[in-house]
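Here is how the chains run, residue by residue.
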Amino acid sequence: MFLRPIQFFPTNTNIDFVAIRWWAFSVTLLLVLITVVSLFIKGLNFGIDFKGGILIEAKASEIVDTGALRSSLSTLELGEVELQQFGSPYDVLIRIQRQTGDEAAQMKAVQSVRDKLGTSYEYRRVEVVGPTVGTELLHAGILATLLAMLAIGAYVAVRFEWQFGLAAFIATFHDVFVTVGLFSVLQLDFNLTAVAALLTLAGYSINDTVVVFDRIRETLRRQKATDLRTVINASVNQTLSRTLMTGGTTLLALLPLVIMGGQTLINFSAALFWGIFVGTYSSIYVAAALLLYMPPLRRIEA
């Protein structure tokens, strides 16, 4: 006796996604507009990685309680303070925003931290990151994200057809761009962790899009006389359950990190949560519909 697999969504859905594409495009345009306006008015709240600051690597004589240590250092009123454990539970990386003034002001902040921590810490590395280095890291992060999206589009273009590659690039750029908008609207710290989240999102976003595109290509091969609108609707409906299950389970896994991850994880987890939500929406409503506005696709033999 075989057990039937659990089904959360019906397998015979027949939603006319193409017919409601203008609503989807309107939502997309609204999200992009909000992002542009927020970036123009508020900009991004750059973290220590991009603004420059003080980096202290230390080893404690006992297991580091990052919560208590963060509370203790916040009394120094040095501005933004970030803590990160690495290696062993005894190792901690302390980042402090760049202080107003010259090199002497930075060294004074370092000494304040040393005095606060006391003699129970061994200081392995103390660095002052200048704004020039921070600017270089920002440019490198932007370049890495753009190159990743271009590489994704190029791969899809070679793997499928150039129309698919262009649509995939537009959809992926949309997902990443509106996630940058989230950082601007909520004024979350935009640092190297945020860039890592954007790169992760770009890779995840294209995954669902490629699944839909692969089904469209296969349907085009089998149904050569069928118009593209019908092919897109059929393909999106056939992959709908897989898309919603993948996105839904990923969002459920990220939800505890968003709620209970604390200050150190909020940038990464919130960006991924929002980006995956938007990416799932765009792979269903936007990416495939863009093919309607491009030159006809080839219907080659299977």
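Please read these numbers as outputs of a predicted model, since none were measured by experiment. Counting of residues starts from 1 at the beginning of each chain's written sequence and follows it residue by residue. Note on the predicted model: pLDDT of at least 70 is required for a residue's local features to be given, and 80 or more for side-chain atom pairs to be given and counted; whole-chain, interface and lining totals, by contrast, use all residues. Hydrogens and waters are ignored; side-chain quantities use all the structure's heavy atoms.

## Thoughts on unusual backbone geometry
Point 1. One non-glycine residue, Gln 187, lies in positive phi territory at about 55 degrees.
Point 2. Positionally, Gln 187 belongs in the loop between helix 6 (162-186) and strand 6 (189-190).
Point 3. Only protein chains enter the accessibility calculation, which uses a 1.4 Å probe. A residue is then buried if its area is under 20% of the maximum for its type, exposed if over 50%, and partly exposed in between. Taking the relative accessible area as the measure of exposure, Gln 187 reaches 31% and is therefore partly exposed. By definition, any uninterrupted DSSP run of H or I lasting at least four residues is a helix, any uninterrupted run of E lasting at least two residues is a strand, and each is numbered from the N terminus.

## Examining helix 8 (residues 228-260)
Point 1. By this rule the span expected of a helix is its residue count minus one, scaled by 1.5 Å. The end-to-end C-alpha distance of helix 8, which contains 33 residues, comes to 45 Å, matching closely the 48 Å that a straight helix rising 1.5 Å per residue would cover.
Point 2. Of all the bends found along helix 8, the most pronounced is centred on Leu 240 and spans about 50 degrees. What we call the bend at a residue is the angle made by axes fitted to the seven residues finishing there and the seven residues starting there.

## Things to note about the pattern of salt bridges
Point 1. A side-chain nitrogen of Lys or Arg and a carboxyl oxygen of Asp or Glu constitute a salt bridge if their distance falls within 4 Å. According to the stated counting rule, one finds three salt bridges in the structure shown.
Point 2. A salt bridge links Lys 59 to Asp 91; the shortest N-O distance between them is 3.8 Å. Of this pair, Lys 59 sits in strand 2 (residues 53-60) while Asp 91 sits in strand 4 (residues 91-97), placing them 32 residues apart in sequence.
Point 3. In this structure Asp 91 comes out as buried when scored by relative accessible area, which is 7%.
Point 4. In this structure, the salt-bridge partner of Asp 214 is Arg 217, at a minimum N-O distance of 2.9 Å. Here the residue Asp 214 and the residue Arg 217 both occupy positions in helix 7 (residues 192-222), the gap between them amounting to three residues, near one helical turn.
Point 5. For Asp 214, a relative accessible area of 31% translates into the label partly exposed.

## Some remarks on the packing of helix 3 (residues 66-74) against helix 4 (residues 103-117)
Point 1. The convention used is that axes are lines fitted to C-alpha atoms, helices contributing only their stretch in contact, and that angles between N-to-C directions extend from 0 to 180 degrees. The interhelical angle for the contact between helix 3 and helix 4, taken along N-to-C directions, is 125 degrees, at an axis separation of 10 Å. With respect to each other, helix 3 and helix 4 are oriented oblique. For the pair helix 3 and helix 4, the crossing hand works out as right-handed. Across the interface between the two elements, Leu 69, Ser 72 and Leu 73 from helix 3 touch Val 113, Lys 116 and Leu 117 from helix 4. Note on terminology: angles under 35 degrees are roughly parallel, angles over 145 are roughly antiparallel, angles of 65 to 115 are roughly perpendicular, and the others are oblique. With the far helix as reference, a near helix turned anticlockwise by less than a right angle produces a left-handed crossing, and one turned clockwise produces a right-handed crossing. The criterion used for residue contact is that any of the two residues' heavy atoms lie within 4.5 Å.

## Let's talk about the environment of Arg 217
Point 1. Residue class for Arg 217 comes out buried when judged on its relative accessible area of 13%.
Point 2. Along the primary structure Arg 217 and Phe 164 are separated by 53 residues, whereas in three dimensions their C-alpha atoms are 9.7 Å apart.
Point 3. If we skip the residues at most four places from it in the chain, Arg 217 touches Arg 159 and Phe 160.
Point 4. Among the polar contacts listed, one links the side chain of Arg 217 to the side chain of Asp 214, at a separation of 2.9 Å. Two N or O atoms form a polar contact when they lie within 3.5 Å of each other; inside protein one atom must be a possible hydrogen donor and the other a possible acceptor, and for residues adjacent in sequence the pair counts only when both atoms belong to side chains.

## Let's talk about the sheet that holds strand 3 (residues 81-85)
Point 1. Ordered by their spatial adjacency, four strands build an open sheet running 3-4-2-5, and the pairing between neighbours is antiparallel. The two strands at the open ends of the sheet, each matched to only one other strand, are strand 3 and strand 5 (121-129). Averaged over all neighbouring strand pairs, the angle between strand axes comes to 15 degrees, with direction disregarded.
Point 2. For two strands to be treated as a pair, DSSP must find at least two bridges joining them. Across five bridges, the pairing between strand 3 and strand 4 is antiparallel. Counted as the bridge partner of Glu 82 is Arg 95 from strand 4.

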